[in-house]
Amino acid sequence: MANRAQIPTNNSALIAMIADEDTVTGFLLAGVGNVDLRRKTNYLIVDSKTTVKQIEDAFKEFTTRDDVAIVLISQYVANMIRFLVDSYNKPVPAILEIPSKDHPYDPAHDSVLSRVKYLFSTESVASDRR
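Before going into details, it helps to say that this report is about the structure given with it. (Residues numbered from 1 in each chain as written. Predicted model: local features only at pLDDT ≥ 70, side-chain atom pairs only at ≥ 80, totals over all residues. Heavy atoms only, no water.)

Remarks on the overall build of the protein
Okay, so step 1: Secondary structure assignment for the protein yields five helices and four strands.
Okay, so step 2: When the helices and strands of the protein are placed in sequence order, the string is β-α-β-α-β-α-α-β-α.
Okay, so step 3: Burial status across the protein gives 33% buried among its 130 residues.
Okay, so step 4: Counting contacts in the protein only where the partners sit at least 6 residues apart, residues at least 24 apart contribute 64% of the total.
Okay, so step 5: When the accessible surface of the protein is summed, it comes to about 8700 Å², and 56% of that surface belongs to carbon and sulfur atoms. (Helix = DSSP H or I, 4+ residues; strand = E, 2+ residues; numbered from the N terminus. Buried < 20%, exposed > 50% of the residue type's maximum accessible area, 1.4 Å probe, protein only. Contact = heavy atoms within 4.5 Å. Areas by Shrake-Rupley, 256 points an atom, 1.4 Å probe, with all protein chains shown as cover.)

Below you can see the structure in the form of structure tokens.
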């Protein structure tokens with residue numbers, strides 16, 4: 001129990017987002033947006049002018065912030081920084097890949113789904129040995 005990641009309880013935890021403008025706007029209208037005292041937001045809008053470096057920096061920032069519990073990232077954006085997404089292994093914040101309006105969801109590229117499939121395949125192999 002002592003090794004479990006703790007989400008701060010004194011304030012509410014945030015959902016961070018890295019996605020296209022339509023996806024981010026929808027979540028902002030739902031109340032997910034936040035701007036702190038230093039004018040830092042909890043989202044990055046990715047368009048044709050956004051560089052891979054900017055996406056990498058936002059991903060690193062969101063995954064190291066103490067007030068973020070979930071990072072939502074469009075799957076096509078996650079594919080741009082796949083090496084970072086696949087190498088991320090902490091439970092909090094959780095990384096969830098979501099589809100966008102212009103790019104459908106592809107389960108073959110989802111890092112969370114591939115990890116779950118791996119866990120279940122090793123569990124089924126281990127249960128067969130019993």
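Picking up after the structure, the text goes on.
So, helix α2 (residues 52–64)
Residues three or four positions apart in an α-helix share a direction because the helix packs 3.6 residues into each turn.
Okay, so step 1: The terminal C-alpha atoms of α2 lie 18 Å apart, and with 13 residues this matches the ideal 18 Å at 1.5 Å per residue to within 8%.
Okay, so step 2: Packed against the buried residues of α2 are β1 (14–19), β2 (43–45), β3 (68–74), α3 (75–80), α4 (82–87) and β4 (94–98). (Expected span 1.5 Å × (residues − 1).)

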